[in-house]
Amino acid sequence: MYTFSRRSSALLRHPPSSSSSAPSFLARRHLSVPSAPARSAAAAAATAPPAADTTAPSQSRPLPTPGPYPLSNPLYSYSHRTVLPTPLPLDEPSTPSNDAYYPPSASQELLAVMDACLAAPALLSRARTIFKGLRERVRSEAYVEGGFSLLDVRVYNRFLERYLQEAEGASSTEVARGWLDQAWDIFKTLESGAEGPKMDAETWSLMLKGMLPHMASPLTQYSLRPLLAALPSLPSKPSLMDLLTNPAVFTSDEQVAEAITALSRAAADEGRSDVVAELAQVYELGKGRTPGEAVEAGEAARIDVERGPEVRATVNPAKDESPFNLLALREALSPLAATASTLADDPSTRQKLLEESAYETARKRFEHEVRELEKAGVQTGLGAMPVQKLMWDWLGKVELRIRASLAELQKVALSGRRSINCDIYPFLSLLSPDKLALIVILEIMRLSGTGGVAEGMKTTRALITTGRAVEAEYHAEMLKKKHGVSVKSSSTSEQDTLSDIRRKLRQYEGRGKDTKREQPQEVPPVDAADSARSPEFTEMLEQAMGAAPTPALNEVPDVAPVKTLEDGETVLRGKQDIAAERAEARLDEERLEAWTPAWTQTVRARVGGFLVDALMETATVVRSAPHPETGEIYTEEQPAFSQSYQYIKGRKLGVIKLNPAVADRLDKDPLANTIHPRHLPMLVKPKPWLRYDSGGYLFHRNIAMRFKDSAEQLTYLRRASEEGTIEPVLAGLDVLGATPWRVNKQIYDVVIEAWNKGEAIAKIPPAISLVEDPVKPDNYLTDPKAKNAYLARLKAVVNERRNNHSLRCDTNYKLEIARAFLGETMYFPHSLDFRGRAYPIPPLLNHMGDDLCRGLLTFAEKRPLEERGFKWIKIQLANLYGYDKASFDERIKFAEDHIEDVFDSADKPLEGRRWWLQADDPWQCLATCFELAAAVRSGNPLKHESSLPVHQDGTCNGLQHYAALGGDQQGARQVNLSEGDRPSDVYTAVADLTIAEIEKDREAGNEHAAILQGKITRKVVKQTVMTTVYGVTFVGAREQIDKQLRDRGDIPADQVYSVAAYLAKKVLRSIGDLFSGAKAIQTWLNNAARLVAKSIPPERLERALEPLPPRPRSNDDPTEKKNRMGKEQMTSVIWTTPLGLPIVQPYRKAKKKQVTTLLQSVYIADPNAPSEVNPSKQASAFPPNFIHSLDATHMILTALQCRQHGLTYASVHDSYWTHASTVDQMSEIIRDTFVKLHTEDILGRLREEFIERYKGYRIPLSTLGAAVDKENPAVMAALAKRPRGRGRKPKAKEAATEDELFNGEEEDHEGLTPEDVAALRPGGLSKEDEANLSPEELKLRQKFVRVEDVLPPLPQKGEFDVRGVVSSPYFFS
């Protein structure tokens, strides 16, 4: 038997020596082989020496002089701006152009139905009918340049594979011939590109595999000649090794051998000696095994991880039982311990087990627990029945109900009759009835208590969540099949599963070890957007992506020694070529895509409705209660769930309620979320983000950006991904996800000891709340005031107990995950929010969590401290303790003065003086104490190998960006952009200004000022200062200050509200005085967004002027004609970050539609049907969102540069982490990237982009005239075109129509100079030019004004030079 492997290109050109042999491809799938041109180019690039950095080492290196800078063959078009048309209003008939960019729900649902039918054996004819109709539609409609076709090559491949499967299983030769003819028709269509999509490597491999069974059959008229002829036209020019060992097609060595034989014969017949020779090489490579191939499970290197005592479960004080979600989490984590020894050398296989279906493991867990209960003789009465036993009883009933209902639906579907659930039968048939039953039970149980519904949930949420869970499970199964991992049933033995996984899952290990490859795509042209980018920024971005040589930092070595914690081996990490790594991964990933279209909200709701109805109809509970008088026990079987309505925030909503007996068996889990195994930390590096929808977890579909119900954002993201504009952003996510972590066992041991004792420690509440109930007053029934006071105190006590229990449950989850990952190297895949900020996907235990999470985590790699690192460990200790406003020397002295406290904390953290508990961040402080004590006691601290992350935090980072944007000299000093002897404290500065103002008011006799005397501290104003930059309103500031004043407890409760309102005004005014530049920019951003959000695309202007039809049963005056202007306001505020990421603000007016399900009618929002924008929300949210996008850009740039220089890197937004010994190097990178980012004309480019993106868009004059518009001379000049006193005149005889309001009126130019009027005339036209306009254009100009004409000029920039940041030691510190 022969085994085959995809190897590096060197294997095909230079066969291995006799001392080595090729590994089995199907046991270890490595990377694909690039084309010969790609190989040679990549090799040349890899061996090219880096350019020398001739700059003298200095903290204030002069930046390159701006000038012409030719792009050095950029791999990606990250300079391009993605511009798409505005969506059409909901009430407008769709067009092919609009559908091409924003596919409606009907089209998306059609694709989903086709996919579901294609997966069901009995519904293939329906899938073919839909496919035929879509193909005819594609051929008939005009192609929209740059649009998105409903069909791509993966859809054709799915049908091709299915037709070939039908031919193989055909009952006769004629039937097989019919299926083969259809398969060849698809192949030829893809080969010619007649319908748009063209064939790919998988098309070719599928056709080859499908024809193998028929080569020796009576169907001899078919040959492999067309496949040989098509080889040169395949994209990326794959080698035969790639094609014959495609893991998505060939699943056994025998199939590969058979394919080689058949192809060799066909090539010989055609005289293709080159093909025959290459096939012979592939055949020879399959004979042996290489020493690097993984050993079998029995031969694996074993590790024995001591995981410590079991974590004591959080229980409800009223019920001695662990929460259901905690048990589910423990089950999800069980594969880690089970495979720690048997698969120690095989993290990929262990990761696959960790991502296995939660529903498959749930069934096993229920079955096991029920057997254990039966062995113990536990009664089945609910009072003694664990909730798992109850759910197991439901499972059988629900499964039988679903199975019977599906059988009926199948009969209806095949008969052609219609029913309410006929259309969703294809979706329900995608998973087995037992898995559907498990999904609905688990999802409904975990939703209990969510959405403000006590002991229940909102019906709409329950239905959509259940439908989404079914969709996610189906997608996961399809992806596993695509990767060559079969989905096992619950009856499959664990050993068989492990064997199958070991044989089939290896493609993510060992990447990049053999060869470098370059991106095999054409270099996109540089558009006009890049011409405005400075050469410094362009050069930095190319260096970060590996497209240009990376100069050495002043203090960074070319190669930094790294020791891994797992094996203690020291390795050398040099500069990383990110672009080459991503190109290499992309070649391999292209063949592993799985086409599974997203379902619509309607489909999800209806699928969920079917399953929830089955659960509610069958799930019951037996309740027993004594008669109140006789004491006789009565028993009754009741439904476990009921349906009712409840008023939530003034709205009547359908809810699903749990039977009180069931609710009593469940803890009120604050997270309301069972941790899914696919959302745990990973054991292998995350899959590279090669596209917007491909990256992160191996077998679970992920999107690179998190957003809610925004089809427009998805469309922009998809388009930008296809254009290559977001490559730096996706590469940044790869860098963040590739950082290896481990659990800090020293911290874990301390936490678990305190936890299992149940004591309160370091922000962890006690196991049993010590808060006592208030004493009920004697006059409770007679004195309403005393009654209300008692009830308020009782409510506060109940809330505190609930909060404590919530915190305990949250900590319980984190400790369970930490315990499971003890001794493991783990990774956190990252994704973005819609502003571009990066977040880890695992929701609980990650470095963005609270102090406990951060203390529990440490880097998996060690580096020697060296001299500078030893100092940074001391500074880190001072920072975490709260002594972070002093100079660096003072912080170092603080650590040295408390060295005995450090030793005591490290030696006796719970029994000693507990000095570490007084720190601002106690768990991180304790981790630093352990590290510092170990370094000092090592005898040579400079050689001590440390894995502790050391932080560099920005000073109110949002204000730093504002100060740099506006050149605000005063603001820059306050946030440490300029050099100083010690760090500035912006919060103290604001507090001091506020105190001075209030003191003046106190002297004038102000009552509120007198109350506040001596009570205004840094802490009181800190949150307001922090959030001002992100758009906090007066109401928000008042609430923040109100909370701080109440926490002080020294202001009468009945006066806190009014005092907080007074103080909020003073604080906001002080911030405005201190950061005048930031305030001006914030105002400009708000005004610009407001104008954009009110604008209408030029092609919709005439339609906007058409009257609206009268509303039925409306009290509107019939003589007043209303137009469609409000309906046509569909323009979102969109901008492009300096890294090419398009940001689309999702704020639109909520529109919902009614969907009828088997359970009830629900109202859901359709994300594929965008409604009008919300102009006020678009405007108010733009300043904070824009600043967030800038700090995200700075973070990604820093991540890329750190990776290029071989630094370990992690971030928490504006807090950047690395090893202590590389803090200085990272600090230089932080400053360099910030300077080069802000030497760009960011605001100028934003204004230019708005003018370009919204060119020709017009704003109705009727929507302008607010107070803010009076500050804009251009708007006032436009409004002057309107008549005096214009307004709503529903009964005015002299102006019956809107046209008459604009005709024959004199212009009102009061307050404007003649020059202003001439310059600001709409369109910039003179009176003579305006007189020559057509009546239609003149009419538009009288009712609209162009965005570019009224977009306000930018605020004048101050004198601060951002280049001074490089010499500021406390910029990030």
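Residues numbered from 1 in each chain as written. Predicted model: local features only at pLDDT ≥ 70, side-chain atom pairs only at ≥ 80, totals over all residues. Heavy atoms only, no water.

Caption draft 1: Local environment of the overall build of the protein chain. Scanning the protein chain from N- to C-terminus turns up 52 helices and 25 strands. Across the protein chain, every contact between residues at least 6 apart in sequence was considered, and the portion connecting residues at least 24 apart equals 76%. (Helix = DSSP H or I, 4+ residues; strand = E, 2+ residues; numbered from the N terminus. Contact = heavy atoms within 4.5 Å.)

Caption draft 2: A look at the side chain of His 830. Summarising the element assignment, His 830 is placed in strand 12 (residues 830–833). Accessibility expressed as a relative area gives 2% for His 830, which makes it buried. (Buried < 20%, exposed > 50% of the residue type's maximum accessible area, 1.4 Å probe, protein only.)

Caption draft 3: Fine view of the packing of aromatic side chains. Enumeration over the complete set of coordinates arrives at 29 aromatic pairs. Through pairs of rings, three or more aromatic residues link up here, namely Trp 1135, Phe 1182, Phe 1186, Phe 1250, Tyr 1254 and Tyr 1257. Sitting above the plane of the Phe 903 ring, Arg 937 keeps its charged end 4.4 Å from the centroid. (Phe/Tyr/Trp six-rings, centres within 6.5 Å; stacked < 30°, edge-to-face > 60°. Lys NZ or Arg CZ within 6 Å of the ring centre and 35° of its normal.)

Caption draft 4: Structural detail: the pattern of salt bridges. Applying the stated criterion across every chain yields a total of 47 salt bridges. Lys 1000 serves as the salt-bridge partner of Glu 997, at 3.8 Å between the closest nitrogen and oxygen. Of this pair, Glu 997 and Lys 1000 both sit in helix 37 (residues 986–1003), three residues apart, which is roughly one turn of the helix. In this structure Glu 997 comes out as partly exposed when scored by relative accessible area, which is 31%. The residue Lys 1066 makes a salt bridge to Asp 1001 at a minimum N-O spacing of 2.8 Å. (Salt bridge = Lys/Arg side-chain N within 4 Å of Asp/Glu carboxyl O.)

Caption draft 5: Layout of the sheet that holds strand 22 (residues 1210–1212). Overall, antiparallel pairing links the three strands, which are arranged 17-23-22 in an open sheet. The sheet is open, and its two edges are formed by strand 17 (950–953) and strand 22, each paired on a single side. Neighbour-to-neighbour, the strand axes of the sheet open up by a mean angle of 25°, direction not taken into account. Judged from the three bridges that link them, strand 22 and strand 23 (residues 1215–1218) form a sheet pairing that is antiparallel. Counterpart to Ser 1211 in the pairing with strand 23 is Tyr 1216. (Pairing = 2+ DSSP bridges. Axes fitted to C-alpha atoms, helices over the stretch in contact; angles between N-to-C directions.)

Caption draft 6: Summary view of the pairing of strand 12. Of the pairings in the sheet, the one linking strand 10 (residues 705–706) to strand 12 comprises two bridges and is parallel in character. Among the inter-strand pairings, Arg 706 is bridged to a residue of strand 12, identified as Asp 833. Where strand 12 folds back onto strand 13 (residues 838–840) in an antiparallel hairpin, the turn is made up of four residues, including Gly 836, whose phi is positive at roughly 100°.

Caption draft 7: Molecular detail of unusual backbone geometry. A positive phi angle, near 75°, is found at Lys 763, a position not held by glycine. Looking at the secondary structure, you find Lys 763 in the loop between helix 28 (745–757) and helix 29 (784–820). If you check the backbone angles, His 1213 has positive phi at about 60° while not being a glycine. With respect to the helices and strands, the residue His 1213 is situated in the loop between strand 22 and strand 23.

Caption draft 8: View of the sheet that holds strand 12. Ordered by their spatial adjacency, three strands build an open sheet running 10-12-13, and the pairing between neighbours is mixed. Both edges of this open sheet fall to strand 10 and strand 13, since each of them pairs with a single strand only. The strands that helix 27 (residues 727–737) touches are strand 12 and strand 13; relative to strand 12, the one it contacts most, it runs at about 135°.

Caption draft 9: Seen up close, the confidence of the model for the protein chain. When pLDDT is averaged across the protein chain, the result is 75; 68% of the residues are at 70 or more. Ranking the elements of the protein chain by mean pLDDT puts helix 48 (residues 1298–1302) last with 31 and strand 14 (residues 857–859) first with 96. Low pLDDT, under 50, characterises residues 378–384; the predicted model gives this stretch 11 contacts beyond four residues in sequence or across chains. Considering only residues more than four positions removed or in separate chains, one finds that residues 668–675, a stretch of pLDDT under 50, has 23 contacts. (pLDDT = per-residue confidence, 0-100.)

Caption draft 10: Main features of the environment of Lys 943. Relative to the elements of secondary structure, Lys 943 occurs in the loop between helix 34 (922–937) and strand 16 (945–946). Residue classification places Lys 943 among the exposed residues on the basis of a relative accessible area of 61%. Sequence separation between Lys 943 and Glu 866 is 77 residues, and the spatial gap between their C-alpha atoms is 6.0 Å.

Caption draft 11: View of helix 11 (residues 253–269). The terminal C-alpha atoms of helix 11 lie 25 Å apart, and with 17 residues this matches the ideal 24 Å at 1.5 Å per residue to within 8%. Among the residues making up helix 11, those that are buried are Asp 253, Val 256, Ala 259, Ile 260, Ala 262, Leu 263, Ala 266 and Ala 267. Those residues of helix 11 that are buried lie in contact with helix 8 (201–211), helix 9 (225–230), helix 10 (240–244) and helix 12 (273–285). Where helix 11 ends, the next residue or the one after it, Gly 271, has phi of about 70°, a positive value. (Expected span 1.5 Å × (residues − 1).)

Caption draft 12: Region of interest: the side chain of Asp 904. Within the secondary structure layout, Asp 904 lies in helix 33 (residues 899–907). For Asp 904, a relative accessible area of 8% puts it in the buried group. Polar side-chain contacts of Asp 904 include one of 2.8 Å to the backbone nitrogen of Arg 913. The residues contacting Asp 904, other than those within four sequence positions of it, are Pro 909, Gly 912, Arg 913 and Arg 914. (Polar contact = N/O pair within 3.5 Å; in protein donor to acceptor, adjacent residues only side chain to side chain.)

Caption draft 13: Geometry of the nonpolar core. Core analysis: the largest hydrophobic core is formed by 123 residues, its most contacted members being Leu 977, Phe 1186 and Phe 1250. When residues of this core are assigned to their parent elements, the largest contribution, 12 residues, is made by helix 44 (residues 1175–1204). Within the second largest apolar cluster, 111 residues are counted, among which are Ala 127, Leu 180, Leu 263 and Leu 447. (Core = buried A, V, L, I, M, F, W, Y, C linked by side-chain atoms within 4.5 Å.)

Caption draft 14: Geometry of the environment of Pro 922. Within the secondary structure, Pro 922 sits in helix 34. Relative accessible area serves as the criterion here: at 2%, Pro 922 is assigned to the buried category. Separated by 42 residues in sequence, Pro 922 and Leu 880 place their C-alpha atoms 7.6 Å apart. Not counting chain neighbours up to four residues away, the residues in contact with Pro 922 comprise Ala 762, Lys 763, Asp 851, Trp 916 and Leu 917.

Caption draft 15: Local environment of the packing of helix 44 against helix 45 (residues 1223–1238). Orientation of helix 44 relative to helix 45, taken along the N-to-C sense of each, is 130°, at an axis distance of 9 Å. Classed by the angle they form, the pair helix 44 and helix 45 counts as oblique. In this structure, helix 44 crosses over helix 45, and the sense of that crossing is right-handed. Residues Leu 1190, Thr 1193, His 1194, Leu 1197, Thr 1198, Gln 1201 and Cys 1202 of helix 44 pack against Met 1226, Ile 1229, Ile 1230, Thr 1233, Phe 1234, Leu 1237 and His 1238 of helix 45. (Parallel < 35°, antiparallel > 145°, perpendicular 65-115°, else oblique. Left-handed = near helix turned anticlockwise from the far one by under 90°.)

Caption draft 16: Spotlight on a positive patch on the surface. A cluster of like positive charges, contributed by Arg 461, Arg 651, Lys 708 and Lys 1152, occupies part of the molecular surface. Relative to the assigned elements, Arg 651 resides in strand 7 (residues 651–658). (Patch = residues over 30% accessible without salt bridge, like charges linked within 9 Å, V, L, I, M, F, W, Y side chains within 5 Å. Areas by Shrake-Rupley, 256 points an atom, 1.4 Å probe, with all protein chains shown as cover. Lys, Arg positive; Asp, Glu negative; His and termini not counted. Charge placed at Lys NZ, Arg CZ, Asp CG, Glu CD.)

Caption draft 17: View of the state of the cysteines. In the structure shown here, the tally under the stated rule is zero disulfides. Residue Cys 929 stays outside any disulfide, its sulfur separated by 4.3 Å from that of Cys 925, the closest cysteine. With relative accessibility at 0%, the residue Cys 929 sits in the buried group. (Disulfide = S-S within 2.5 Å.)

Caption draft 18: Just the pairing of strand 23, in detail. Residues Ser 1215 and Trp 1217 point to one face of strand 23 and Tyr 1216 and Thr 1218 to the other, with burial holding for every one of them. Across four bridges, the pairing between strand 17 and strand 23 is antiparallel. Across the sheet, Asp 953 pairs through a bridge with Ser 1215, a residue of strand 23.

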